[in-house]
Every structure is written in structure tokens, then in C-alpha cells.
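The lines below spell out each chain.
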Amino acid sequence: APGCTLYEAIVKPLAGIGIRNASLTILGGAFDVLSYCVAPPDPSGQAVIAYTAPIDAGTAYMVFGNATLGRSLKGEPLVHCHATLRTAAGELRGGHILTEDCVIGPQPISALVTSLEGFNLQQAYDPETNIPLLQPRKEQADD
């Protein structure tokens, strides 16, 4: 929805219909504010990658994106999104989209949603990469 953050636009309507875990294809659209980062190799060698500081793309157009909805380490909704974008200057960029900071522009943005059922996607520490990642977990009776 226009004026919402990308995070709100994904989490709220899906929660409203009982979806807690999903894979999304974002079909593109204009953003009044779009922030992202990239994840080059960790220069310290302590982890596989290290996210950069946020990059402000300003007013931009998301060409195409993929997102995953799961739960954070704290059990709150988490949206992990990667996308290709075009800046107002026409430059193509891409990376990890900071969904809580990105504000959808004047037109709604469409997404194809696949609800993931029978398991939960839970952020958890991954010893191989040394970073927290979304991982499938068996559903509990109270989920």
C-alpha cells in the first residue's frame, strides 16, 4: 500500500490471513524512499559476509525482488529481501533491501505470495557462516 514501509506492507496483510511464513516475488514498483546494503566478504574473517552501512537510494524503482517472511531471533516477524533497483539517475543497483526503512510510492506494489506451511522459518545462528540465518524448524503445537 502507498505510504507504508515494505515491511508493513508484507507483514500486516499476511498476518491478517494467518500467514507467518512465506516466499514472495515482488513484481516491481516505485518507492519514495529505498534503502539497501550489500554483503561483501567479512574483512575480519569472523563470518562469511559483513553487511555494509545502509545505502540511501532515495526515490527509486524496484525492478524485481524476492523476499522471505519468517521470525527473528526474538520471535518477531522478519522480512529478508533482495532486489534489483533503478535509481532516479537511472543507475541499476541491487542488494539486501532494508524493508523497515523503505517507503512505497504513490501506487500499490504487487507481489506473488507462496505461504509456507508445515514448518516455521526461524532466524537462528548458523555455525558454518557465523551469522544468523532463516532456517526451517518443526512446528510446535502452539504455533
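Computed from a predicted structure; not experimentally measured. (Residues numbered from 1 in each chain as written. Predicted model: local features only at pLDDT ≥ 70, side-chain atom pairs only at ≥ 80, totals over all residues. Heavy atoms only, no water.)

Asker: Give a description of the overall build of the protein chain that names residues and reports values.
Answerer: For the protein chain, the count of helices and strands is one helix and nine strands. Traced from its N-terminal end to its C-terminal end, the protein chain shows the element sequence α-β-β-β-β-β-β-β-β-β. Relative to a compact globule of 143 residues, whose C-alpha radius of gyration would be 15 Å, the protein chain shows 16 Å and is just as compact. Summarising its shape, the C-alpha atoms of the protein chain cover approximately 50 × 45 × 20 Å along the three principal directions. Per-residue burial over the protein chain gives 37% buried out of 143 residues. Total accessible area on the protein chain stands at roughly 8100 Å², and carbon and sulfur atoms take up 55% of it. The positive charge centre, built from 8 side chains, and the negative charge centre, built from 14, are 3 Å apart in the protein chain. (Helix = DSSP H or I, 4+ residues; strand = E, 2+ residues; numbered from the N terminus. Rg over C-alpha atoms; globule rule 2.2 N^0.38 Å. Buried < 20%, exposed > 50% of the residue type's maximum accessible area, 1.4 Å probe, protein only. Areas by Shrake-Rupley, 256 points an atom, 1.4 Å probe, with all protein chains shown as cover. Lys, Arg positive; Asp, Glu negative; His and termini not counted. Charge placed at Lys NZ, Arg CZ, Asp CG, Glu CD.)

Asker: Describe the environment of glycine 45, naming the residues involved and giving the relevant values.
Answerer: Its place among the elements puts glycine 45 in the loop between strand E2 (29-37) and strand E3 (55-71). Overall, glycine 45 belongs to the exposed group, its relative accessible area being 59%. It is 9.9 Å that separates the C-alpha atoms of glycine 45 and asparagine 130, two residues lying 85 residues apart in sequence.

Asker: Which residues make up the side chain of glutamine 135, and what are the values?
Answerer: Relative to the assigned elements, glutamine 135 resides in strand E9 (residues 131-138). The exposure class of glutamine 135 is buried, given its relative accessible area of 15%. In terms of polar contacts, glutamine 135 uses its side chain to reach the backbone carbonyl oxygen of alanine 124, at 3.1 Å. Setting aside chain neighbours within four positions, we find glutamine 135 in contact with Asn120, Leu121, Gln122, Ala124, Tyr125 and Asp126. (Polar contact = N/O pair within 3.5 Å; in protein donor to acceptor, adjacent residues only side chain to side chain. Contact = heavy atoms within 4.5 Å.)

Asker: Give me the pattern of salt bridges: which residues, what numbers.
Answerer: Inspection of the entire model under this criterion finds one salt bridge. Residue glutamate 91 pairs with arginine 93 through a salt bridge whose shortest N-O separation is 3.4 Å. Take arginine 93: its relative accessible area is 36%, and that puts it in the partly exposed class. (Salt bridge = Lys/Arg side-chain N within 4 Å of Asp/Glu carboxyl O.)

Asker: Hey, could you go over a nonpolar patch on the surface for me, with residue numbers and the actual values?
Answerer: Taken together, the side chains of Tyr61, Val63, Phe64 and Leu92 make up a nonpolar region of the molecular surface, amounting to roughly 350 Å² of accessible area. Among the elements that take part in the nonpolar patch, E3 stands out by supplying three residues, more than any other. Of note, phenylalanine 64 is situated in strand E3. (Patch = residues over 30% accessible without salt bridge, like charges linked within 9 Å, V, L, I, M, F, W, Y side chains within 5 Å.)

Asker: I'd like a description of the nonpolar core, backed by residues and values.
Answerer: If you look at the biggest cluster of nonpolar residues, it comprises 25 residues, and the most contacted ones within it are Leu6, Phe31, Leu34 and Ile97. Breaking this core down by element, the ones donating at least two residues are helix H1 (6-16), strand E1 (22-26), E2, E3 and strand E4 (77-87). Ignoring anything within four residues of it in the chain, the contact list for isoleucine 97 reads Leu6, Leu34, Ser35, Tyr36, Met62, Cys81, His82, Ala83, Leu85 and Cys102. (Core = buried A, V, L, I, M, F, W, Y, C linked by side-chain atoms within 4.5 Å.)

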